[in-house]
Amino acid sequence: MAKIKIKVKSRKNIITVRALIKHPMETGNRKDKGKLVPANHITDLLVTKNGEAAIKADIGSTISTNPFFQFKIPGVKGDAISVSFNDNHGKSLSTTKKSK
Amino acid sequence: MKRRLFLKGSLAAASAAAAVGAGLLTPSAVFANTTKFKNQSNDIKKMIDDAEDGNFKFKAPEIAENGSVVPMTIDATNMSGVASVAFFVEKNKTPLAAIFDLPNANAFVGTRIKMGETSEVTAMVTTTNGKTYIKSRSIKVTLGGCGG
C-alpha cells in the first residue's frame, strides 16, 4: 500500500532529497457515508545519511495525502540516503538510495 | 498446507480490519492524533506566543485553491545553528502539522499540508541556543481539505 519514492541529487556539496510517500494520511475526522474513517497517518519520519541521522520529524495527520518532503543535506555524490517512516498502525517502511 | 495457512492468515487480517472499522480496537489506533503529538502541539503553541519575528524565508501561496494540498517551504539556510523547524496551522484541529529536527542537515524543508479553512500559518525555527523565531502568513483556502 504504502510506497516511498526518493530522488537524491548532489550539487555543490549539498544533497537535495525529495521524497514522495504513498500513504492515505487519514485524519480520523473525515466521514464517509456517515461513518468516521479511522485515522491512518505517518507519525514519524527519519532521514539518514550513511547511517547517521540527518533529519528526524514528528508528523501529524495535517500533512497532506501522499506526503511530499524536500530536504537539503550536506554531502557528496555517492552518499547513501535513506528515508523511513512509521505510521500509527505500527507499520514502517524504508528506502535507501545513493546520491547522484 | 500452505494454502490453509494463507487462508487462516487472510481471515485474521480481514477480521482485524473489520474491528478497526467498527471502532473495537484500542482508541489510540483510531484517534486522529496521538496524545504525545497533541501535547507537543500545545507546547509549541506556547513557544510561538513568546517568539520573535525571524529573518528567514517562508514560502507559501496566498490563496490555496485546494486546501488538501498546500505546498510550503521554510528556508532558513541564512541562519546558523538551526535545531528544528515546524509548520503550524492555527485553525486546524491539531494546529501542529509537523516538526523537523535537523541534527545533520541544512535548514531547508518543503512539504505539503492540509488546511480545513482560511487560516494563519506560522513557520517556526528554533536554534541550538534555545531561541525561537517565527514568521506568519495568512493563507486563504477556497476549498477545505479536512472533509468540511
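Residues numbered from 1 in each chain as written. Chains lettered and ligands numbered in written order. Predicted model: local features only at pLDDT ≥ 70, side-chain atom pairs only at ≥ 80, totals over all residues. Heavy atoms only, no water.

Turning our attention to a negative patch on the surface. Residue and element names in this part refer to chain B. Together, Asp49, Asp50, Glu90 and Glu120 make up a region of like negative charge exposed at the surface. Within the element layout of this structure, glutamate 90 appears in the loop between β5 (82–89) and β6 (96–101). Residue glutamate 90 is classed as partly exposed on the basis of its relative accessible area, which comes to 39%. (Patch = residues over 30% accessible without salt bridge, like charges linked within 9 Å, V, L, I, M, F, W, Y side chains within 5 Å. Areas by Shrake-Rupley, 256 points an atom, 1.4 Å probe, with all protein chains shown as cover. Salt bridge = Lys/Arg side-chain N within 4 Å of Asp/Glu carboxyl O. Lys, Arg positive; Asp, Glu negative; His and termini not counted. Charge placed at Lys NZ, Arg CZ, Asp CG, Glu CD. Helix = DSSP H or I, 4+ residues; strand = E, 2+ residues; numbered from the N terminus. Buried < 20%, exposed > 50% of the residue type's maximum accessible area, 1.4 Å probe, protein only.)

Here we come to the packing of aromatic side chains. Overall, the coordinates contain four aromatic pairs over all chains when judged by the stated rule. For the pair Phe69(A) and Phe71(A), a centre-to-centre distance of 6.1 Å together with 5 degrees between the ring planes defines the contact as stacked. Residues Phe69(A) and Phe71(A) agree in their burial class; the two are buried. A ring pair is formed by Phe87(B) and Phe100(B), whose centres lie 6.3 Å apart and whose planes are at 90 degrees; its orientation type is edge-to-face. Taken together, the residues span a long stretch of sequence, with Phe87(B) in strand β5 and Phe100(B) in strand β6 at a distance of 13 residues. Of the two residues examined, Phe87(B) and Phe100(B), each falls in the buried class. One residue, Lys72(A), lies across the ring of Phe108(B), its end atom 4.3 Å from the ring centre. (Phe/Tyr/Trp six-rings, centres within 6.5 Å; stacked < 30°, edge-to-face > 60°. Lys NZ or Arg CZ within 6 Å of the ring centre and 35° of its normal.)

Residue and element names in this part refer to chain B. If you trace the backbone, aspartate 75 turns up in strand β4 (residues 70–75). Although aspartate 75 lies buried, it forms no salt bridge, and the closest oppositely charged side chain, lysine 57, sits 4.5 Å away as judged by the N-O distance. Discounting chain neighbours no more than four positions away, the residues touching aspartate 75 are Phe56, Lys57, Ala107 and Phe108. (Contact = heavy atoms within 4.5 Å.)

This brings us to helix α3 (residues 35–49) of chain B. Compared with an ideal rise of 1.5 Å per residue, which puts 15 residues at 21 Å, α3(B) spans 21 Å between its outermost C-alpha atoms and is within 8% of the ideal. When we look at burial in α3(B), the residues that qualify are Phe37(B), Gln40(B), Ser41(B), Ile44(B) and Ile48(B). Down the axis, α3(B) shows its buried residues gathered within 105 degrees of arc, on one side only. Looking at α3(B), the residues exposed on the side facing more than 90 degrees away from the buried face are Thr35(B), Lys46(B) and Asp49(B). On its buried face, α3(B) sits against β6 (52–59) of chain A together with β5, β6, β8 (119–127) and β9 (132–141) of chain B. (Expected span 1.5 Å × (residues − 1). Arc of directions from axis to C-beta.)

Our next topic: the environment of Asp50(B). Residue and element names in this part refer to chain B. With respect to the helices, strands and loops of the structure, aspartate 50 is situated in the loop between α3 and β1 (52–53). Relative accessible area serves as the criterion here: at 67%, aspartate 50 is assigned to the exposed category. Residues aspartate 50 and valine 82, spaced 32 residues apart in sequence, show a C-alpha to C-alpha distance of 18 Å.

Attention shifts here to unusual backbone geometry. Residue and element names in this part refer to chain A. Its identity as a non-glycine residue notwithstanding, lysine 12 has a phi of 50 degrees, on the positive side. Residue position: lysine 12 is located in the loop between β1 (3–11) and β2 (14–22). Judged by its relative accessible area of 73%, lysine 12 falls in the exposed class. For asparagine 66, which is not a glycine, the phi torsion comes out positive at approximately 50 degrees. For asparagine 66, the location among the structural elements is in the loop between β6 and β7 (68–74).

Honestly, it's all geometry; don't read function into it.
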